[in-house]
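# Working through the structure, step by step
The primary structure of each chain is shown beneath.
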Amino acid sequence: MNQSRKNKFLVIAKVGAVSLGVYVVFKYMLPIIAPFILAYGICRWLYPMTVFVRKKTGIPVGMTAAAIIFSAAAVLAVGVYFIGKYLIGQMIAVIKNIEYIWQAVQNLFLRICSRIGHVFKCDADMVYQWIDRFSTKIGENAHIQIVDLLTDRAVPVFKSIAVFLVIIMVAMIGAILLIKNKARIDRQIRKSDFSAEISEISEKVWAVIGCFIKSQILIIIVISAICSMGLILAKIPYAVLIGIFIGVMDALPVIGSGTVLVPWAVIGLFFGKYKMSVILFIVYGLCAFTREILEARLMGNSLGINEFYMLMATFAGIKLFGISGIILGPLGVILVMEICCFQKKNHVK
C-alpha cells in the first residue's frame, strides 16, 4: 500500500471514528450531559456581566451569578407567559369557532368537487360522494389513532415536562457553580498537557453550536413575523398563530414555508381570491429570500455546509434520533466536519 492510499485510508478511518463518537454521545450521553452543556452555555453568556457587576458592587461572585441567572430566568419566564397566553387565546378562539371553520372547509370542499366535475365533465355529486367516502375512512382511522396517541402519550408528556424542569434547575445551579469557580477551572485546564487542544476544540465546537442554534432561532422569528404581517394584510383570521406555525415549518428542510403558502395561494387563485393569492406568493418569496440571506450571513461562513448535505443530515438524524434528529443530524455533521478539519489543520502545522 503506497503512502497516498494509506493517507486516504487514515482519513476515512478518522472520519468514521469521529462520526461513531458523535453518534454515541448524541444517542447515549446527551440526556445525561444536557444540563451541564446548558449550564456551560449560560456560564459563557452571563459570565462577563457577572464580572462587571462584581467589580461595581463588590458582591461575591456566587451571589452575583445567582442574582443575574434567576433574574434572567424570571424575565424569560414572563416573556414566555405573555406570548404563551396570547397563543393559547388564539387557539381557544379557533376551538370556539371550530363549527364556523368546519363549515368553511366543507364549502371549500364542495366548490373543489364542483370544479373537478366541471374539468373532467362528470357529475359533481359523484365526485363529492367518492371523496367523502374516502375522507370518512381516513377520518375514522385518524380519530382512533389520535385518541390512542393521546391516551398513550399523556403520561410520557407530563414526565417529559417534569424532566425538562429538572434539567433547567440543574443547569441554572450548574451555571452558578461554574461562574463561581471559573477562574479555578481555567487554571486547572491550563495546567493540563492537553490544554491547547481542549481550548481550541471546545471554542470552535461551541462557536459552531452557538451559531447554528442562534441562527435557526433568529430565522424562525423573522420568518414568523413576515408571515404574520402578510396574513394580517390578507385579512386572514388567526394570522399570528398561523404565521408562527409557518415559521416553524420553514425551519424544517423537507417541508418549508412553501408547503403551506404555495398551495394556499394556488387554491386562492382557483376561487378568484386574487388579492389574497398575490399577498401569499409575495410572502413566500420574502420568506425564501430572507432565509437565503440570513443563512448565508449567519451560518455560511461558520458552517459552510451545502443544502443537499444538510437535507441528508436531517433525514439521517430523524431516522437515528427521532424528531430531535431535525437538530441533532445537521449538528452532528457540523461537529464531525469541524473536529476532522481541526485535526487536519494541526497535522499541517
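Above: the structure in question.
Anyway, here's the lowdown on the structure attached to this text. Note that the coordinates shown come from a computational prediction; the quantities given were computed from them, not determined experimentally.

### Focus on the overall build of the chain
Helix and strand counts for the chain stand at eleven helices and zero strands. Listing every helix and strand of the chain by position from the N terminus yields α-α-α-α-α-α-α-α-α-α-α. Per-residue burial over the chain gives 26% buried out of 349 residues. Total accessible area on the chain is roughly 23,600 Å²; 72% of this is exposed by carbon and sulfur atoms.

### Structural notes on the environment of Y86
Within the element layout of this structure, Y86 appears in helix α2 (residues 61-96). Its relative accessible area of 42% is what places Y86 among the partly exposed residues.

### As for the nonpolar core
Ranked by internal contacts, the top residues of the largest apolar core, which has 17 residues, are C227, L231, I236, L261, L280, V283 and C287. Elements supplying a minimum of two residues to this core: α6 (195-233), α7 (239-250), α8 (258-270) and α9 (274-303). The dominant element in this core, judged by the number of residues it contributes, is α9, at six residues. In this structure V283 touches I226, C227, G230 and L261, once residues within four positions along its chain are discounted.

### Examining a positive patch on the surface
On the surface, K180, R184, R187, R190 and K191 cluster together to form a positively charged patch. Of all the elements, helix α5 (residues 182-191) adds the most residues to the positive patch, at four residues. Relative to the assigned elements, K180 resides in helix α4 (residues 124-180).

### What about the pattern of salt bridges?
Tallied over the full model, the rule gives two salt bridges. For D186, the salt bridge identified is with K182, shortest N-O distance 3.1 Å. Taken together, the residues span about one helical turn, with D186 and K182 both in helix α5 at a distance of four residues. D250 is the salt-bridge partner of R291, the closest N and O atoms lying 2.5 Å from each other. Taken together, the residues R291 in helix α9 and D250 in helix α7 connect sequence positions 41 residues apart. Of the two residues, R291 and D250, neither departs from the other in class, the shared state being buried.

### Thoughts on unusual backbone geometry
A positive phi angle is found at K235, which is not glycine, with a value near 60 degrees. Exposure remark for K235: the relative accessible area of 72% places this residue in the exposed category. At Y238, a position not held by glycine, the phi torsion is positive, near 55 degrees. Structurally, Y238 can be placed in the loop between α6 and α7.

### A short note on the side chain of T290
Relative to the elements of secondary structure, T290 occurs in helix α9. Note on T290: relative accessible area 14%, which makes it buried. Here L286 takes part through its backbone oxygen, which lies 2.6 Å from a polar atom of the side chain of T290. If near-sequence neighbours (up to four positions away) are discounted, T290 is found in contact with V222, I223 and I226.

Definitions and limits used
Residues numbered from 1 in each chain as written. Predicted model: local features only at pLDDT ≥ 70, side-chain atom pairs only at ≥ 80, totals over all residues. Heavy atoms only, no water. Helix = DSSP H or I, 4+ residues; strand = E, 2+ residues; numbered from the N terminus. Buried < 20%, exposed > 50% of the residue type's maximum accessible area, 1.4 Å probe, protein only. Areas by Shrake-Rupley, 256 points an atom, 1.4 Å probe, with all protein chains shown as cover. Core = buried A, V, L, I, M, F, W, Y, C linked by side-chain atoms within 4.5 Å. Contact = heavy atoms within 4.5 Å. Patch = residues over 30% accessible without salt bridge, like charges linked within 9 Å, V, L, I, M, F, W, Y side chains within 5 Å. Salt bridge = Lys/Arg side-chain N within 4 Å of Asp/Glu carboxyl O. Lys, Arg positive; Asp, Glu negative; His and termini not counted. Charge placed at Lys NZ, Arg CZ, Asp CG, Glu CD. Polar contact = N/O pair within 3.5 Å; in protein donor to acceptor, adjacent residues only side chain to side chain.

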